[in-house]
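Notes for the structure review
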Amino acid sequence: MSFVDLSGDGGVQKQILQEGSGEETPSSGCTVSLHYTGTLDSDGKQFDSSRDRNEPFEFQLGRSSVIKAFDMGVATMKLGEKCILKCAPDYAYGSSGSPPNIPPNSTLNFELEMLGWKGEDLSPNSDRGIERFILKVGEGKKTPNDGALVKIHIVGRFEDKIFEERDVEFHIGEGEKEGVVPGIEIAIEKFKKGETSRLVLKPKYAFGSEGKPDVVPANATVVYEITMKEFEREPDSWKLDDEQRIAQSELFKQKGTAYFKDNKFKLALKMYQKSLNYLTSSDSQEAKQRQLIMYLNKALCHQKLDEHDESKDACNEALNIDSKSVKALYRRGQARLALGDIEKALLDFNAVRELEPENKAALNQVTICKQKIKEYNEQQKKVFANMFTKFAKSDKQREEEEQNRQPDVMKQNFGEWRDDEREHEPTRFEQENPDVIMLNESLKDFRNM
């Protein structure tokens, strides 16, 4: 088979030695695995080989981590394919070469074998939970940002069976409302207009441990084919003036409130955070007051989701803006009470009463806190009482055991001595007290009777 010009100028030429399988080739961002053997075109001298090391070579395609010829040639290879790449200096190591094995301005030949590839990892934690395989390259360089209005076509498959196919329009970050799984929302921020890609989503980025009833089982990996039809980017905050930022903030606040009323607390949280994002770069009094409201709203959402640590943190942020915010103190007190920090919760509720003596809700919470503290103290008394009872019982048992180990003199023969005690020289005490000697002698006689 003859060489095919891949570069258009003869700089990268490819000759297939063995056809690969299937129709798919790796796309930009994929991590490819292959074997190669490199030789100089001038004399055929080998300068490197992954086969000799018995170690496949891996690299991320299209990220300029290898010579240009590799990026161009490998992108055309199918699974199992073997080929020769002939690379002119401009597509290899140029006028510098790669001393000591590759001289300057060298044309190189590489024999390649495609072993396989993995999709581009788009997961936030790089855990390969979201893999992308580009099937059709999109247009231009722009991609949608968080909050952008997107129009996409989605085809969902589980074990090659289609369970979902539809057009959907939504703002990125609000896909949950339209039944769009998190992995799609994360991935499409990397899509260009007109792009079609295959996404392989692990359970945490798809339907999780619940699955999709009657369609996708729990903890299942699913595959989506996504086409980005069009999108309209969300305005960048840094490009807006204060008035425009406040207007955008108000828009997201209203969205958040609508989601909150619909009991969609996670979506509400996202909207309140977006509202905050438009306010943080402004030091105006109005912006500060709006920030206060957003932190209070976030605290309430976290409370509804039983995320009490996060609720407390949001209240702390609100109190950094206004240390006398009654709502912030009250909600922090609720969070602390839920976390079992009763004494600090009581401090917060008492602070509310100082600011608003007639606040009945705070008074009720104070009563609850005091009752819980009383119950705790009584419980502790019982614990310590039981502990002391156990200690006393243990001490008594030890005393009894000690007494049981002592000899019972009433069961011994009175005055019975050991053999070594029967005959001995008088002690000094006996010498000074002759009556003792007489008593000893009497006892001997008594014993021998």
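Here goes a summary of the coordinates provided. For every chain, the first residue of the written sequence is number 1, and numbering continues from 1 along that sequence. Residues qualify for local features only when their pLDDT is at least 70, as the model is predicted, and side-chain atom pairs are given and counted only at 80 or more; totals for whole chains, interfaces and linings, by contrast, use all residues. Only hydrogens and water are removed before side-chain values are computed, so all heavy atoms of the structure are retained for them.

Things to note about the pairing of strand 10 (residues 149-158)
- A strand pair is defined by DSSP finding two or more bridges across the two strands. In this description a helix means any DSSP run of H or I spanning at least four residues, a strand means any run of E spanning at least two, and both kinds are numbered starting from the N terminus. As judged from the ten bridges shared by strand 10 and strand 11 (residues 161-171), these two strands associate in the antiparallel manner. Across the sheet, residue Val 150 finds its bridge partner in strand 11, namely Phe 170.
- Linking strand 10 back to strand 11 in an antiparallel pair, the connection comprises two residues, with Glu 159 at a positive phi of about 55 degrees.
- Of the strand pairs in this sheet, strand 10 and strand 13 (residues 222-232) are connected by nine bridges, and their pairing is antiparallel. When the bridges of strand 13 are listed, Ile 152 appears paired with Met 228.

Quick look at unusual backbone geometry
- Omega for the bond connecting Pro 99 with Pro 100 falls within 30 degrees of zero, at 5 degrees, which places this linkage in the cis form.
- Looking at where Pro 100 falls in the secondary structure, it is placed in the loop between strand 6 (82-87) and strand 7 (108-118).
- Even without being a glycine, Asn 54 presents a positive backbone phi close to 55 degrees.
- Assignment of secondary structure puts Asn 54 in the loop between helix 1 (50-53) and strand 5 (57-60).
- For every residue, the accessible area (1.4 Å probe, protein chains only) is compared with the maximum for its type, and the residue is labelled buried under 20%, exposed over 50%, or partly exposed between those bounds. Residue classification places Asn 54 among the exposed positions, given a relative accessible area of 66%.
- Phi at Glu 159 is positive, roughly 55 degrees, even though this residue is not glycine.

Considerations on helix 4 (residues 242-261)
- Its 20 residues place the ends of helix 4 29 Å apart at the C-alpha level, agreeing with the 28 Å of an ideal helix rising 1.5 Å per residue.
- Buried residues of helix 4: Arg 245, Ile 246, Gln 248, Ser 249, Phe 252, Gly 256, Tyr 259 and Phe 260, and no others. Buried residues of helix 4, seen end-on, are gathered within an arc of 160 degrees and therefore sit on one face of the element. Summarising the geometry of helix 4, the exposed residues directed more than 90 degrees from the buried face are Glu 243 and Lys 261.
- Two to three positions downstream of the cap, the backbone nitrogen of Glu 243 sits 3.2 Å from a side-chain oxygen, assigning the N-cap of helix 4 to Asp 241. The span expected for a helix works out to 1.5 Å for each residue beyond the first. By construction, the arc corresponds to the directions joining the helix axis to the C-beta atoms. Side-chain atoms alone can form a polar contact between residues adjacent in sequence; in general such a contact is a pair of N or O atoms within 3.5 Å, and within protein one must be able to donate a hydrogen while the other accepts it.

What is shown is where atoms sit, not what they do.
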